Amino acid sequence: MNAIELKQVKKRYGDFALNDVNICLPQGCVLGLIGENGAGKSTLIKVLTGVYGFEEGQIVMEGSRTIVNNSPQDAQKNGISTVYQEVNLCPNLTVAENLFIGREPRKCGMIDWRTMNRKSAEVLKSLDINVSPTQNLDECSIAIQQMIAIARAVDMKCKVLILDEPTSSLDDDEVEKLFTLMRKLREEGVGIIFVTHFLEQVYAVCDRITVLRNGELVGEYT
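Parameters at a glance
- Residues numbered from 1 in each chain as written.
- Predicted model: local features only at pLDDT ≥ 70, side-chain atom pairs only at ≥ 80, totals over all residues.
- Heavy atoms only, no water.
- Salt bridge = Lys/Arg side-chain N within 4 Å of Asp/Glu carboxyl O.
- Helix = DSSP H or I, 4+ residues; strand = E, 2+ residues; numbered from the N terminus.
- Buried < 20%, exposed > 50% of the residue type's maximum accessible area, 1.4 Å probe, protein only.
- Pairing = 2+ DSSP bridges.
- Axes fitted to C-alpha atoms, helices over the stretch in contact; angles between N-to-C directions.
- Parallel < 35°, antiparallel > 145°, perpendicular 65-115°, else oblique.
- Contact = heavy atoms within 4.5 Å.
- Nonpolar A, V, L, I, M, F, W, Y, C, P; charged D, E, K, R; others polar.
- 1 Å grid on protein atoms, 1.4 Å probe; cavity = no way out; pocket = protein on both sides within 12 Å on 5 of 7 lines; lining within 4 Å.
- Points joined across faces, edges and corners; volume = space filled by probe spheres on them.

K.L.:
Describe the pattern of salt bridges, listing the residues and the values that go with them.
P.N.:
In total, this model carries 10 salt bridges according to the counting rule given. One salt bridge in this structure joins E62 and R65, with 3.3 Å as the shortest N-O distance. The salt bridge involving D155 is made with R103; its shortest N-O contact spans 3.0 Å. Pair noted here: D155 is in helix α5 (residues 142-155) and R103 is in the loop between α3 (95-100) and β7 (106-107), with a separation of 52 residues, a long-range link. With relative accessibility at 29%, the residue R103 sits in the partly exposed group. Linked through salt bridges whose partners overlap, the residues forming this network are K10, R12, D20 and E56.

And the structure:
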């Protein structure tokens, strides 16, 4: 079954930013999305995540459910999460607080810190992320921060995970740790869109490759 499918999606900025783009991402697949600057990758991500609307086409989740995301919150509710190169978390809060921000477990109207830390430890352990839930996020490396952002998305039951240039600031060992996590999520059935300019990384971790140029799909490879 497909995690998500784009069918003849069009987005216009004067000329086309996306023109009849068709992309199919099966469950448990890592799809490398590549193309030069201006190819349409960022526009595609913003369409998927509800930042931009689109004029024509369809977005279909899990084979049959047609969706329209009017905001990133809509996208999250529909099972689409994005982790950007610049991690959008709160460095002054703990790992656990970042994992559960906006959905903290409560007891008698107050945040249940013990439960939140326990659940955070369980999520981190399940994904082999070696960090303490009570550690401040700004004490963690960029690679760990990205993994925590991914862990948050996974705990929110994402079906599609978009990773937008996640390796640009990582060294080789950190990249491999990220790839290990991506492979684990792939085995669990998560569909992953991996955006990068590094072709060697695409070949190392991706099952499929989709190439955009000037807003059009120009190649698909497996």
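From this point, things continue past the structure.
K.L.:
Could you give an account of the sheet that holds strand β6 (residues 80-84), with specific residues and numbers?
P.N.:
Spatially, β6-β9-β10-β3-β11-β12 is the arrangement adopted by the 6 strands of the open sheet, whose pairing is mixed. At either margin of the open sheet sits one strand with a lone partner, and together these are β6 and β12 (216-221). Strand-to-strand twist in this sheet, taken as the mean axis angle between neighbours without regard to direction, amounts to 20°.

K.L.:
With reference to specific residues and values, describe the packing of α5 against helix α6 (residues 172-187).
P.N.:
At a closest axis distance of 10 Å, the pairing of α5 and α6 adopts a crossing angle of 10°. Relative to α6, α5 is oriented roughly parallel. Residues A143, M147, I150 and V154 of α5 pack against E174, K177, L178, L181 and L185 of α6. Classifying every residue of the contact of α5 with α6 gives 7 nonpolar, no polar and 2 charged.

K.L.:
Report on the layout of surface pockets, specifying residues and quantitative values.
P.N.:
The gaps left among the atoms become clear once a water-sized probe is rolled over them. Taken as a whole, the largest pocket spans an internal volume of roughly 510 Å³. Around the largest pocket, the lining comprises 22 residues; the ones closest to its centre are Q76, T82, Y84, N88 and R152. When contributions to the lining of the largest pocket are tallied by element, the ones reaching two or more residues are α2 (72-77), β6 and α5. Along the lines of polarity and charge, the residues of the lining of the largest pocket split into 13 nonpolar, 7 polar and 2 charged.

K.L.:
Give me the pairing of strand β3 (residues 30-34): which residues, what numbers.
P.N.:
In regular strands, side chains alternate between the two faces of the sheet. Of all 5 residues making up β3, 5 are buried, and the element is well covered by its neighbours. Sheet topology places β3 next to strand β10 (residues 191-195); 4 bridges connect them, and they run parallel. Bridge assignment links L33 to a residue of β10, and that residue is V195. Two elements, β3 and strand β11 (residues 208-213), share 4 bridges in a ladder whose sense is parallel. Across the sheet, the residue bridging to G32 is I209, located in β11.

K.L.:
Describe the environment of F194, with residues and values.
P.N.:
Its place among the elements puts F194 in strand β10. Between the alpha carbons of F194 and L163 there is a distance of 5.0 Å; along the sequence they are 31 residues apart.

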